[in-house]
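# Structural description and commentary
Take a look at the letters that make up each chain.
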Amino acid sequence: MSGERSRTGRKRPRKRGRFLPYILLSPLILFIGALALYPTIVTTVQAFFTVDPVNPPTRFSGLSNFRALVRNPFVRQSAANTILYIIVGVALSTLFGLVIALILQRRSHWRGLILALVVLPWALPAVVEAVIWGWIYDPTFGVLNSVLKSLGLINSYHVWIGIGRIVSIVLIELVQVWQITPLAALLILAALQSIPQELYEAARVDGAGRWAMFKRITLPLVRPGLAVAMVESLILSLNVFDQVYVLNGFAPGGASIMLQTYQISFNNLNFGQGYALSLLATFATMLLSLLILAVVYRRVEF
Amino acid sequence: MTHVRSHTQGRGAAPVLLALVVLAALVVLVAACGSSSGSSSASASATPGVLPSPSPGSSITVVYHYPAPPASVLAQFTALTGVKVNWVEVGWDNLQTKIAAAAASNTYFADLTDVDWSKVGQYYKTKWFTPLNSYFDVATLKTDMPQINTFASNNQQLALPFDSSFTVTTLNTKIAKAAGVTTTPATITDYNTALSQIKAKGTVPTPLDIPFAAAEGLSTYWYQVTAAYGGQVLDASYNPLFTSPSSAGYKAMTWMVNAYKSGLVPKANIGVADYQGFTSEMAQGRVASVFSDYAGTVGSIYDVPSTSKVVGQVQYIPTPGVSAAAPNLANPDGIGIPVTAKNVAGALAFIKWFTDTQQQAIWAGLDGPSDVISGFPLPARVSSLQLLTNKVSGAAELTSLLQTSRPVFPGPGAPPWYSQFSNAVYTNIHQAAAGAETVQQAVNNIASQVTQLKASS
């Protein structure tokens, strides 16, 4: 007997059985709640309060944190910088990810080795990667200067990070692209491998070339994978912190919105404004993610 | 049908109920995590100089940005008091974040930790550290600890000096002599001439180290150069003193930015922080001088054969001023007890032992290199420095400099909004050096920030 029978003769699950799924789910709910739900609620509420240990007490202040952020020139600059980080990060990681995925899709003896090499940057901590790239960009001993000079592309060694804003941001973001491209490649590869081979065989019979097959079959059918990869890249680029901090410190020329959040919260101890900026970053992430999904994602059924 | 609907409603209530229970548990759990205030075993009404006895067998956690003293030396403290010491090393920047995060959430973090000179005003306002006036006779200690007042705000002693430190000028005498600079530059004019001469001779193409990375070290450098020009950055009411082109602060910033633009400073220094400059430039002989170096670097960096190429070449020189030697600014580290500490008696006993005359001298090398704290700049006590004469590079010169060093903010001490102020300082000087703004704009931006900070505090 696995359950009692009701008067109508139907099996009624035992009480324990009814609760079991929820009991099994509760550790996960607790985990997500503690690490995501609770902080989100606190952040949302506290964003409307003045939370400043140097200027107590904590008090409701409406939209004043948001107004102060909008007026802060460093916040505006870091927001503009972050947009550039996102453009470079999403574009390059998606492009490189697609190329790598197409290479990995081909059957080859070296596929396992290539896959391992490709995944390696993803496995390394961001700080370690930033330190390594810091050596590459080093204006005195860096490999970048050495290579460019030996190729005759520059006459003297350059200071790459810290002088020009755009150059600094692009070079810092390249470090992140190096790290996040493997994830994009794997997501796109998964989408590529789900495309039925019969479609390509039929196209070949119809006389389609490689470019035509890529344009007419691969690209439209890989769009769900591309969309997910782009959203992942967007989230990581919008939250870029380690690479910026290691390579550029707190210099405003390359400061990201997350670095600014850290500065406001833990250097200035203005936690209220820190909460508000985090909230704005969260909303920006959600909106941009939805935008990418609306433009790129298409439901694909085989 | 009715039965089925009723059954469905019953099942629907269960997850809602369970979710509420889980959320309630979550709130209790998080609240419990954040409200651990710890217990204090010491009385606040103690007699100064008389410390409560720590409990034998207890332990304290010290979180600091210096490496732990040798285990054998810490064992001596345990033998003396019965208190075991867990020393955790955390980098300075990260440590400041941890202190703020733990204190803001009222969470136990350490029994003892760093109180930087620049944070004292902030900690007075936030009440994150236990005042030590009840336990230590500050007035008596002052004669032997010249920088002890740096850790007091509104007569509350929030820490005792962990070490002593002040900005000081260093010169590579070998490079200087090779360029024909035979007399020690006594004024800023002499100093500029000497640097230009070294550059012109090509001995070192970029002879001056200024750390232009947007970090605290750049602010400190500006304060010292401002002192050399005969002024200070803020008055006793925290009003800006650097907005006029004839002011010391304005001249100091102009001097620093011009030094970078004219090629006296390596171009790479736009991203170089203070210690990075000491170790990768000065210690490697790539620059000849640091105008605002830190006391103790000759012994702890430049004369260390394993990492330095300039052993025996670098000397402390009196910091050049407008017409004579300039004052040296104090920037020591303190050691204090967070209000969330669990073993206050043990922490007090440790402070007393750690800051003792003999022990301070040991940290700097009195008993040989095996007992030192790596990178420890200078003892907090004059009496300890006197024990080190003839044992540590430049100890005699540093003893006299320590006694005449002065706070960056004489009188009221660092303002509670110092972090924001310093942030504005290093950000704008960095921007001026990078060519993103002029010195005038940088000065205006910093002054505007000061006005806002004063208005909001």
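Residues numbered from 1 in each chain as written. Chains lettered and ligands numbered in written order. Predicted model: local features only at pLDDT ≥ 70, side-chain atom pairs only at ≥ 80, totals over all residues.

Take the overall build of chain B next. A tally of regular secondary structure across chain B gives 17 helices and 13 strands. The proportion of buried residues among the 457 residues of chain B is 53%. Summarising the internal contacts of chain B: among those between residues at least 6 apart in sequence, 73% fall at separations of at least 24. (Helix = DSSP H or I, 4+ residues; strand = E, 2+ residues; numbered from the N terminus. Buried ≥ 20, exposed ≤ 12 C-beta atoms within 10 Å, placed from the backbone. Contact = placed C-beta atoms within 7 Å.)

In this assembly, 29 residues from chain A lie in contact with 36 residues from chain B. Where the side of chain A that touches chain B is concerned, the elements lending two or more residues are helix H1 (15–46) and helix H12 (257–267) of chain A. Top element by residues in the side of chain A that touches chain B is H1 of chain A. It accounts for nine residues. For the side of chain A that touches chain B, the class distribution of residues is 18 nonpolar, 10 polar and one charged. (Nonpolar A, V, L, I, M, F, W, Y, C, P; charged D, E, K, R; others polar.)

Attention now goes to the nonpolar core. Note on soluble globular proteins: their nonpolar side chains tend to be buried together. Grouped together as the largest cluster of nonpolar side chains are 205 residues, with contacts concentrated most on Ile188 of chain A together with Trp222, Met253, Met256, Phe350 and Ile429 of chain B. Considering every element that reaches this core, the biggest residue donor is helix H7 (residues 165–193) of chain A, with 12 residues. Residue contributions to this core reach at least three from each of two domains, namely domain 1 (59–165 + 332–407) and domain 2 (167–327 + 417–456) of chain B. Once residues lying within four places of it in the same chain are set aside, the contact partners of Met256 of chain B are Ile210, Trp222, Val225 and Ile429 of chain B. (Core = buried A, V, L, I, M, F, W, Y, C linked by C-beta atoms within 7 Å. Domains from an automatic or database assignment.)

Residues and elements named next belong to chain B. Reading across the sheet, the four strands line up as E8-E9-E7-E10 and stay open at both edges, with mixed pairing between neighbours. Whereas interior strands pair on both sides, the edge strands pair on one side only; in this sheet they are strand E8 (208–209) and strand E10 (314–317). Relative to strand E9 (residues 289–294), strand E7 (residues 167–172) runs antiparallel, the two being bridged by four bridges. Bridge assignment links Thr170 to a residue of E9, and that residue is Val290. (Pairing = 2+ DSSP bridges.)

Here we come to the domain arrangement of chain B. All names here are of chain B. Domain boundaries in chain B define domain 1 (59–165 + 332–407) and domain 2 (167–327 + 417–456). For domain 1 and domain 2, the distance between their C-alpha centroids amounts to 27 Å. The leading source of residues in the side of domain 1 that touches domain 2 is helix H15 (residues 395–404), at four residues.

Bringing the sheet that holds strand E3 (residues 112–116) of chain B into the picture now. Residues and elements named next belong to chain B. Taking strand neighbours across the sheet as the criterion, the five strands line up as E2-E1-E3-E12-E6 in an open arrangement whose pairing is mixed. Each edge of the open sheet is held by one strand with a lone partner, namely strand E2 (84–89) and strand E6 (160–161). Sheet topology places strand E1 (residues 59–64) next to E2; six bridges connect them, and they run parallel. Bridging across to E2, Tyr64 finds its partner in Glu89.

Our focus in this paragraph is the packing of helix H4 (residues 111–123) of chain A against H7 of chain A. Residues and elements named next belong to chain A. Taken N-terminus to C-terminus, the directions of H4 and H7 make an angle of 125°; their axes are 7 Å apart at the nearest point. Relative to H7, the element H4 is oriented oblique. Note that H4 runs across H7; the crossing there is left-handed. Contacts between H4 and H7 involve Val118, Val119, Pro121 and Trp122 from the first element and Trp178, Gln179, Pro182, Leu183 and Ala185 from the second. (Axes fitted to C-alpha atoms, helices over the stretch in contact; angles between N-to-C directions. Parallel < 35°, antiparallel > 145°, perpendicular 65-115°, else oblique. Left-handed = near helix turned anticlockwise from the far one by under 90°.)

The next subject is the environment of Ala126 of chain A. Residue and element names in this part refer to chain A. Looking at the element boundaries, Ala126 is found in helix H5 (residues 126–137). For the pair Ala126 and Val175, spaced 49 residues apart in sequence, the C-alpha separation works out to 8.7 Å. Setting aside its immediate chain neighbours within four residues, Ala126 contacts Gln179, Asp242 and Gln243.

With that settled, the discussion passes to helix H8 (residues 197–205) of chain A. The buried fraction of H8 of chain A is low, at zero of nine residues. Gly207 of chain A sits one or two positions beyond H8 of chain A and adopts a positive phi of about 90°.

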